[in-house]
Amino acid sequence: MSRLEETTSTEKLLDFIRNKKVDVAPSSLDVSDIDSQGKEAPGTPFKTVSEKRPVNIGIDISHDCLTLVKTTKLADKSLDFLGHKSISLTHIDSKKSPEFIDFIKSELYNFFGTDKEVNVWANMSAARVNVRHLKIPKVPKNQIEKTISWAVKKETPFDDKDTSLDFEILGEITEDDVQKLSVIAFTAPTDEVKETKKLFSEIGLPLNGISIAPFAVQNILKTIQIPAHEGTVASLFIGNDFSRIDIYADGKLVMTRGIRA
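Residues numbered from 1 in each chain as written. Predicted model: local features only at pLDDT ≥ 70, side-chain atom pairs only at ≥ 80, totals over all residues. Heavy atoms only, no water.

1. Re the overall build of the protein
A tally of helices and strands in the protein yields five helices and eleven strands. In the protein, buried positions account for 40% of the 261 residues. The long-range fraction of contacts in the protein, counting pairs at least 24 apart against all pairs at least 6 apart in sequence, stands at 60%. Of the accessible surface of the protein, which amounts to about 15,600 Å², a share of 50% is contributed by carbon and sulfur atoms. (Helix = DSSP H or I, 4+ residues; strand = E, 2+ residues; numbered from the N terminus. Buried < 20%, exposed > 50% of the residue type's maximum accessible area, 1.4 Å probe, protein only. Contact = heavy atoms within 4.5 Å. Areas by Shrake-Rupley, 256 points an atom, 1.4 Å probe, with all protein chains shown as cover.)

2. Quick look at the pairing of strand β4 (residues 118-123)
Note that strand β1 (residues 55-61) and β4 share six bridges and pair parallel. The partner of I57 across the bridge, within β4, is V120. Bridge count for β4 against strand β8 (residues 209-211) is three bridges, and the pairing is parallel. In the sheet register, N123 faces β8, and the bridge partner there is S211. (Pairing = 2+ DSSP bridges.)

3. Comments concerning the pattern of salt bridges
Going through the model one piece at a time under the given rule, you end up with eight salt bridges. Note that K180 and E175 form a salt bridge whose closest N and O atoms lie 2.8 Å from each other. Take K180: its relative accessible area is 21%, and that puts it in the partly exposed class. Relative accessible area serves as the criterion here: at 26%, E175 is assigned to the partly exposed category. A cluster of three or more residues bridged by salt bridges with shared partners is formed by K135, E175 and K180. (Salt bridge = Lys/Arg side-chain N within 4 Å of Asp/Glu carboxyl O.)

4. Brief notes about the pairing of strand β7 (residues 178-189)
Counting buried residues in β7 gives nine out of twelve residues, a clear majority hidden from the surface. Two elements, strand β5 (residues 130-137) and β7, share eight bridges in a ladder whose sense is antiparallel. If you follow H133 over to β7, its bridge partner there is I184. Taken together, the twelve bridges between strand β6 (residues 163-175) and β7 define a ladder with antiparallel strand orientation. Residue pairing for β7: E172 is matched across the bridge by L181. Following β6, the chain reverses through two residues before pairing antiparallel with β7; D176 in that reversal takes a positive phi of roughly 55°.

5. As for the packing of aromatic side chains
Given two aromatic rings, one states the distance between the centres and the angle between the planes to describe the pair. Counting across every chain of the model gives three aromatic pairs. With 5.8 Å between their ring centres and 70° between their planes, Y109 and F112 make a pair best called edge-to-face. Here Y109 pairs with F112, and both are found in helix α2 (residues 98-112), just three residues apart, close to one helical turn. The partly exposed category is assigned to Y109, whose relative accessible area is 39%. Here F112 falls in the buried class, since its relative accessible area comes to 5%. Measuring from ring centre to ring centre gives 5.1 Å for F186 and F215, while their planes differ by 55°; the resulting arrangement is tilted. (Phe/Tyr/Trp six-rings, centres within 6.5 Å; stacked < 30°, edge-to-face > 60°.)

6. What to know about unusual backbone geometry
Within the chain, D176 stands out as a residue other than glycine whose phi angle is a positive 55°. Here D177, not a glycine, exhibits a phi torsion of approximately 65°, which is positive. Mapped onto the secondary structure, D177 falls in the loop between β6 and β7. Among the residues examined, D177 registers a relative accessible area of 77% and is labelled exposed.

7. Concerning the environment of E99
Topologically, E99 is positioned in helix α2. Each residue touching E99, except ones within four places of it in the same chain, is listed here: H91 and I92.

Written out as structure tokens, the structure is:
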């Protein structure tokens, strides 16, 4: 997974958390108050949205819960948080059963309400997603993807047949008088991506995109859905099978590392 050049070990990360005052950012798509029973918190009614303004729906399916959030972009380009809902999945035996698909479909359409235009994004597990920050030579646009792929494979070899690669260009930088591109790249198992896309295709709601929790938290920090923080923020996620430490600097994800714990 991605790492800062100055911080290359889990021990230094744990040191950071032990010795610094850490504000824990909300995990995954859970960005507002949900009570201890996992029910929708009172006092957070959905707002009326113009039909001309697309609504963004975020979906997180965990081992025992379906979490939905709804946002829209206002005229000044800022994001407006419209509502959330959390539904237990403990009554469903298998996530590959027709019952599961019907249940998710019903809950999603109920959550959309009268919204006419929606962008649907799903959250997938970050356990097998590798995130890396890279600096590559400034090359022609049609060579960027190939250059990034080569740079990632140099550090962590992967097979194009079973691994999906995506990336974001963060901007141009100058290093030793040489112009380079700062890039964040991520690889994910193709089978997991296909499985996620297939589920929503069967529901009848093709996805606009798939993301992971570290990027969801980054979006929260960027759009100031929680109080803005200066400097460095650490987010600790403790899951059933693995845990993860994410480090953000000025609202940007600079490192994420999974821990088998």
